[in-house]
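# Observations on the model geometry
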Amino acid sequence: MNLHHKKRPLFITLEGGEGSGKTTQINKLAERLTRENYKVITTREPGGTPEGEKIRSLFVKGGTEKWSPLAEVLLVLAARAMHVERVVNPALDAGKVVVCDRFSDSTVAYQGYGRGVPLEKIERITQDVLGDLTPDVTFILDIEPEVGLKRSTKRMARERNPDSQAEDRFEKMEFSFHQKVRNGFLEIAKREPDRCIIIDAAGGTEKMADDIWSALSKRL
Ligand SMILES: Nc1ncnc2c1ncn2[C@@H]1O[C@H](COP(=O)(O)OP(=O)(O)O)[C@@H](O)[C@H]1O
Ligand SMILES: [Mg+2]
């Protein structure tokens, strides 16, 4: 498989609800790519730059109603603008495969489907800020919110640092929100079947990693 045969290497994103296994799979995918001799970077949103990580902290900590839905879109886009300019584009230009934990689809699923910001509005602002940068391949890790939230709550309890506030602002949102987000991701995948690959996140981590790798190979 040659991930570098195009002008630029692949920009790969992983999407999905809380506890769907994005971080776990990103690490496995990056290891696999590295083993196969690809240059690769992993990064995440919101975040990816020191400034973006500060925005992340504002975004994911605190009470659920702290930010209005539209303010959330603008916050993540401020972080995303810098992330793309300073990290994603330079890495792709340097010949590195970029594997990113969440990107624009999360904004559509969470702030659009989940919190009710009109999808056209999100698309318009995104187009103005990012232009045409779209991931080449997006894995949508699909899990029942009950299962995902349980996993993610367990992980947070394990990693809990008593000195810092938990990154649980979205986990705390009502259950119907998480169902809307899941449905949103599935709708995105339906609209863009060439880019989006749905991965069943109910299986074990090894099975998921195999599914991701075999789907990635087929696209190349
Ligand atoms: N396929 C899986 N089956 C069971 N538990 C999983 C699976 N994938 C991840 N986990 C566990 O669930 C928790 C959340 O996984 P993580 O990769 O952090 O998800 P995300 O980044 O999507 O929130 C972690 O404790 C992780 O070890
Ligand atoms: Mg994660």
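Our structure's up above, just so we're on the same page.
This text gives an overview of the structure that appears in the document. (Residues numbered from 1 in each chain as written. Chains lettered and ligands numbered in written order. Predicted model: local features only at pLDDT ≥ 70, side-chain atom pairs only at ≥ 80, totals over all residues. Heavy atoms only, no water.)

Here we come to the overall build of the protein chain. When helices and strands are tallied, the protein chain shows eight helices and five strands. Listing every helix and strand of the protein chain by position from the N terminus yields β-α-β-α-α-β-α-α-β-α-α-β-α. Whereas a compact globule of 220 residues would reach a radius of gyration of roughly 17 Å, the protein chain reaches 17 Å, a difference of no more than 12%. Here the protein chain holds 220 residues, and 49% of them are scored as buried. For the protein chain, restricting intrachain contacts to residue pairs at least 6 apart in sequence, the fraction spanning at least 24 positions comes to 81%. (Helix = DSSP H or I, 4+ residues; strand = E, 2+ residues; numbered from the N terminus. Rg over C-alpha atoms; globule rule 2.2 N^0.38 Å. Buried < 20%, exposed > 50% of the residue type's maximum accessible area, 1.4 Å probe, protein only. Contact = heavy atoms within 4.5 Å.)

Turning to helix 7 (residues 175–191), a few remarks are in order. Taking 1.5 Å per residue as the helical rise, helix 7 with its 17 residues ought to reach 24 Å, and the 25 Å between its terminal C-alpha atoms agrees with that figure. The elements touched by buried residues of helix 7 are strand 1 (11–16), helix 4 (104–114), strand 4 (137–142), helix 6 (145–159) and strand 5 (196–200). (Expected span 1.5 Å × (residues − 1).)

In terms of residue burial, strand 4 counts as a mostly covered element, since six of its six residues are buried. Two strands pair when backbone bridges link them, and strand 1 and strand 4 are joined in this way by five bridges, in the parallel orientation. If you follow Gly-16 over to strand 4, its bridge partner there is Leu-141. Here strand 4 runs beside strand 5; their pairing, made up of five bridges, is parallel. Directly across from Thr-138, in strand 5, lies its bridge partner Cys-196. (Pairing = 2+ DSSP bridges.)

Within the secondary structure, Ser-164 is located in the loop between helix 6 and helix 7. It is 9.6 Å that separates the C-alpha atoms of Ser-164 and Lys-61, two residues lying 103 residues apart in sequence.

A separate point is the site of ligand 1. Not every one of the 14 residues close to ligand 1 is listed here, only the nearest: Gly-21, Lys-22, Thr-23, Thr-24 and Gly-203. At 3.3 Å from an oxygen atom of ligand 1 is found a main-chain nitrogen or oxygen belonging to Ser-20. In the environment of ligand 1, a nitrogen atom lies 3.4 Å from a nitrogen or oxygen atom belonging to the backbone of Thr-205. Considered on its own, ligand 1 offers 560 Å² of accessible surface; in the complex 79% of this is hidden by protein. When each cavity is represented as a set of grid points, ligand 1 is found to reside in the largest pocket. Elements supplying a minimum of two residues to the shell around ligand 1: helix 1 (22–35), helix 6 and helix 8 (205–218). The residue makeup of the shell around ligand 1, split by class, is one nonpolar, nine polar and four charged. (Near = heavy atom within 4 Å. Polar contact = N/O pair within 3.5 Å; in protein donor to acceptor, adjacent residues only side chain to side chain. Areas by Shrake-Rupley, 256 points an atom, 1.4 Å probe, with all protein chains shown as cover. 1 Å grid on protein atoms, 1.4 Å probe; cavity = no way out; pocket = protein on both sides within 12 Å on 5 of 7 lines; lining within 4 Å. Sits in = over half its atoms within 2 Å of the grid points. Nonpolar A, V, L, I, M, F, W, Y, C, P; charged D, E, K, R; others polar.)

Once that is clear, we can look at empty space enclosed by the protein. In the structure shown here, the tally under the stated rule is one cavity of 30 Å³ or more. Put simply, the largest cavity is a space of about 130 Å³. Taken together, 15 residues make up the lining of the largest cavity; nearest its centre are Gly-17, Glu-18, Ile-143, His-178 and Arg-182. With four residues, the single largest contributor to the lining of the largest cavity is helix 7. Across the lining of the largest cavity, the residue classes break down as eight nonpolar, four polar and three charged. (Points joined across faces, edges and corners; volume = space filled by probe spheres on them.)

This paragraph deals with the environment of Ala-81. Tracing the chain through its elements places Ala-81 in helix 3 (residues 69–93). Ala-81 sits in the partly exposed class, given a relative accessible area of 26%. Considering only alpha carbons, one finds Ala-81 and Gly-52, 29 residues apart in sequence, at a separation of 9.2 Å. Ignoring any residue separated from it by four or fewer positions in sequence, one finds Ala-81 in contact with Val-129 and Leu-130.

Just distances and angles here, no functional claims.
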